[in-house]
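# A structural walkthrough
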Amino acid sequence: MGKLDVRLLRYLTREDFRILMSIETGMRNHELVPKQMIASMASMKPGQAHKLVKELIRHRLVGYDNAKAHDGYRLTNLGYDYLALKLLAQRDVLASVGNQIGVGKESDIYIVANPEGEQYVLKLHRLGRTSFRNIKNKRDYIRHRRHTSWLYLSRLAATKEFAYMKVLHDRGFPVPLPIDHNRHCVVMQLADGVPLCNVAEVDRPDKLYGQLMTLLVKLANHGLIHCDFNEFNLIVSETGKITLIDFPQMVSIDHKNAEMYFDRDVQCVRDYFLRKFSFESEVYPTFADIVREDTLDEEVAASGFSKDQQRELDQLLEEQTEHKDGESGEEEE
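Conventions adopted
Residues numbered from 1 in each chain as written. Predicted model: local features only at pLDDT ≥ 70, side-chain atom pairs only at ≥ 80, totals over all residues. Heavy atoms only, no water. Helix = DSSP H or I, 4+ residues; strand = E, 2+ residues; numbered from the N terminus. Buried < 20%, exposed > 50% of the residue type's maximum accessible area, 1.4 Å probe, protein only. Contact = heavy atoms within 4.5 Å. Areas by Shrake-Rupley, 256 points an atom, 1.4 Å probe, with all protein chains shown as cover. Pairing = 2+ DSSP bridges. Axes fitted to C-alpha atoms, helices over the stretch in contact; angles between N-to-C directions. Salt bridge = Lys/Arg side-chain N within 4 Å of Asp/Glu carboxyl O. Phe/Tyr/Trp six-rings, centres within 6.5 Å; stacked < 30°, edge-to-face > 60°. Lys NZ or Arg CZ within 6 Å of the ring centre and 35° of its normal. Core = buried A, V, L, I, M, F, W, Y, C linked by side-chain atoms within 4.5 Å. Expected span 1.5 Å × (residues − 1). pLDDT = per-residue confidence, 0-100.

Take the overall build of the protein chain next. What the protein chain contains, in helices and strands, is eleven helices and twelve strands. Taken over 333 residues, the protein chain has a buried fraction of 51%. Excluding contacts between residues fewer than 6 apart, the proportion of contacts in the protein chain whose partners are at least 24 apart in sequence is 68%. Surface summary for the protein chain: the accessible area is close to 16900 Å², and the carbon and sulfur share equals 47%.

The strand order across the open sheet built from three strands is β8-β10-β11, with neighbouring strands paired in antiparallel fashion. Each of the sheet's edge strands pairs with one partner strand only, and the pair in question is β8 (194–195) and β11 (242–244). Looking at chain direction, strand β10 (residues 234–236) and β11 are connected through three bridges and run antiparallel. Within the sheet, the bridge partner assigned to Val236 lies in β11 and is Ile242. Against the sheet, helix α8 (residues 205–221) makes contact with β10 and β11, and its axis sits at roughly 40° relative to β11, the strand it touches most.

Our focus in this paragraph is the pattern of salt bridges. In total, this model carries 16 salt bridges according to the counting rule given. Linking Glu161 and Lys123 is a salt bridge whose minimum nitrogen-to-oxygen distance equals 3.1 Å. Linking Glu161 in helix α7 (residues 150–170) with Lys123 in strand β5 (residues 119–125), this pair joins segments that are 38 residues apart in sequence. Given the relative accessible area of 6%, Lys123 is considered buried. Within the structure, one salt-bridge network assembled from shared partners comprises Glu24, Arg155 and Arg183.

Moving on to the packing of aromatic side chains. Going through the model one piece at a time under the given rule, you end up with seven aromatic pairs. Look at Phe262 and Phe287: their rings are 6.2 Å apart centre to centre, the planes differ by 65°, and that puts the pair in the edge-to-face class. Of this pair, Phe262 sits in helix α9 (residues 258–277) while Phe287 sits in the loop between α9 and α10 (296–302); the two residues are 25 residues apart in sequence, bridging distant segments of the chain. For the ring pair Phe273 and Phe277, a centre distance of 5.2 Å and an interplane angle of 65° mean the geometry is edge-to-face. Note that Phe273 and Phe277 are positioned in helix α9 at a spacing of four residues, about one turn of the helix. Aromatic rings pair up to connect Tyr209, Tyr272, Phe273, Phe277 and Phe279 into one cluster. The side chain of Lys218 reaches across the aromatic face of Phe173, ending 4.8 Å from its centre.

The next point concerns the sheet that holds strand β3 (residues 96–103). Spatially, five strands are ordered β3-β4-β5-β7-β6 in an open sheet, and the strand pairing comes out antiparallel. Of all strands in the sheet, those bounded by a partner on one side alone are β3 and β6 (178–182). The sheet shows a mean angle of 25° between the axes of neighbouring strands, direction not considered. Two elements, β3 and strand β4 (residues 107–113), share five bridges in a ladder whose sense is antiparallel. Directly across from Ser96, in β4, lies its bridge partner Ala113. Of the strands in this sheet, β5, β6 and β7 (185–189) touch helix α4 (residues 77–90), which is tilted by about 130° from β6.

Examined against the element boundaries, Leu9 turns out to sit in the segment before α1 (14–26). On the basis of relative accessibility, which here comes to 15%, the residue Leu9 falls in the buried class. Along the backbone, Leu9 and Tyr82 are 73 residues apart, and their C-alpha atoms lie at a distance of 6.7 Å. With near-sequence residues (within four places) excluded, Leu9 lies in contact with Phe17, Tyr82, Leu85 and Lys86.

Leu168, Leu196, Leu212 and Phe273 are the most contacted members of the largest nonpolar core, which totals 49 residues. Element by element, the count of residues in this core is highest for α8, at nine residues. Leaving out residues up to four positions away in the same chain, Leu168 has contacts with Phe173, Val175, Leu219, Leu224, Phe247, Met250 and Leu296. In terms of nonpolar packing, the next biggest core, distinct from the first, is built from 40 residues, Met27, Ala39, Leu61 and Tyr82 among them.

What follows is about α1. Its 13 residues give α1 an end-to-end C-alpha distance of 18 Å, which sits within 8% of 18 Å, the value for a rise of 1.5 Å per residue. Those residues of α1 that fall on the buried side of the exposure criterion are Asp16, Phe17, Ile19, Leu20, Ser22, Ile23, Glu24 and Gly26. Contacts made by the buried residues of α1 are with α2 (35–41), α3 (46–58), β1 (62–65), β2 (72–75), α4 and α7.

Now for the side chain of Asp108. Within the secondary structure layout, Asp108 lies in strand β4. Exposure remark for Asp108: the relative accessible area of 5% places this residue in the buried category.

Taken residue by residue, the protein chain gives an average pLDDT of 87. The fraction at 70 or more is 84%. Within the model, pLDDT remains below 50 along residues 130–147, and this stretch shows 50 contacts once partners closer than five positions in the same chain are excluded. Confidence drops under a pLDDT of 50 for residues 323–333, and excluding neighbours within four residues, the segment shows 26 contacts in the predicted structure.

Printed below as a string of C-alpha cells:
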C-alpha cells in the first residue's frame, strides 16, 4: 500500500481536463478513443490536442494502445481518479489525500481531509481489476451495450454504494456517514475502530456474536442482505461499537438467490467466531426468520440507483465470483 500521487493535480490546466473528459466521454462507446474524436470533443485543433495528450501520457493519466485493429487512447486509473478528485475538491469535500489504508481486487481506500482538516475515507472502485474482461461478452445484461468499460462499472458500483449507505444511515443503521461521491469515488466518514479481522480477542464473544446476528436479521427485515458480511467489513471500536462497511454487492430479500446469500453471511460469522475465538453457538438465524418490516430495497431504487442498474451490477458481481478462481484479472495502469 502507498499514497495516491496527486501532486500534479494542481498544475493541470483547464485544457488538460477537457482532454481527459473527452477521452472519458469517448470511452462510453469505444474501448480506445481515436485522436480525431478527442480533438473534436475537446473543441481543439488536432495539433493542440495531440500535444496535450502526449503530456498526459507522460504523466500516466492517459494510455495509448496500438495492439488492436484500431489504435487509440484510454484513461488510466490515475486519469479517472484525477477527474473525480478535481470535482470533489471544487465542492470543498476534500483538500488533501493521505496514505492508503486498504486495497482489494475491486477498490483502493485512502485517508483524505476536507479544507477544515476533518478526516474522511476515500474509496476508489476498481472493477477493472477483476476478470471482467474475460466475461463481459458472455452475458445478456451487457450484450445490449456496444461497449461496457471499467469506467462505467466502477461508477455503477460507487453509485450503488453511496445510495445504500445513505438509506441505511438515514434509518439509523451502524454505517459510515456518506459525504459525497463522483464517478467511481465515494467519500465517507472515518469509522471508529479496526476491522474485526484485526481484533485479537474479545471479552464477550457471545455478546458480539449476538450483535452481529441481530444486525443481519435487522437488515433483512428492512429488505436488504449484505452478501459480504465478514470480518473484513465489520469495524469494531474499543467500546464494542460495530460499523458495517462495503455495500456494492448488497441485494434485496426478493433477489432470486436471497436465501443463499443470507445463509452464507450467517455461516461466515459462525465459521469466523469458531476459528478465531473458539466460540460456537447452535443459535443462529435462518432465512425463514425474516419478517419484512420495511422496504429499504425499494427506497434505494427511488433514491437514484435504478432497478436496471441494480440488475446489471448484481449480475456482474455474480459472474466475477464464479470466474475469480483460476483466472488472473488484468489491471489498468
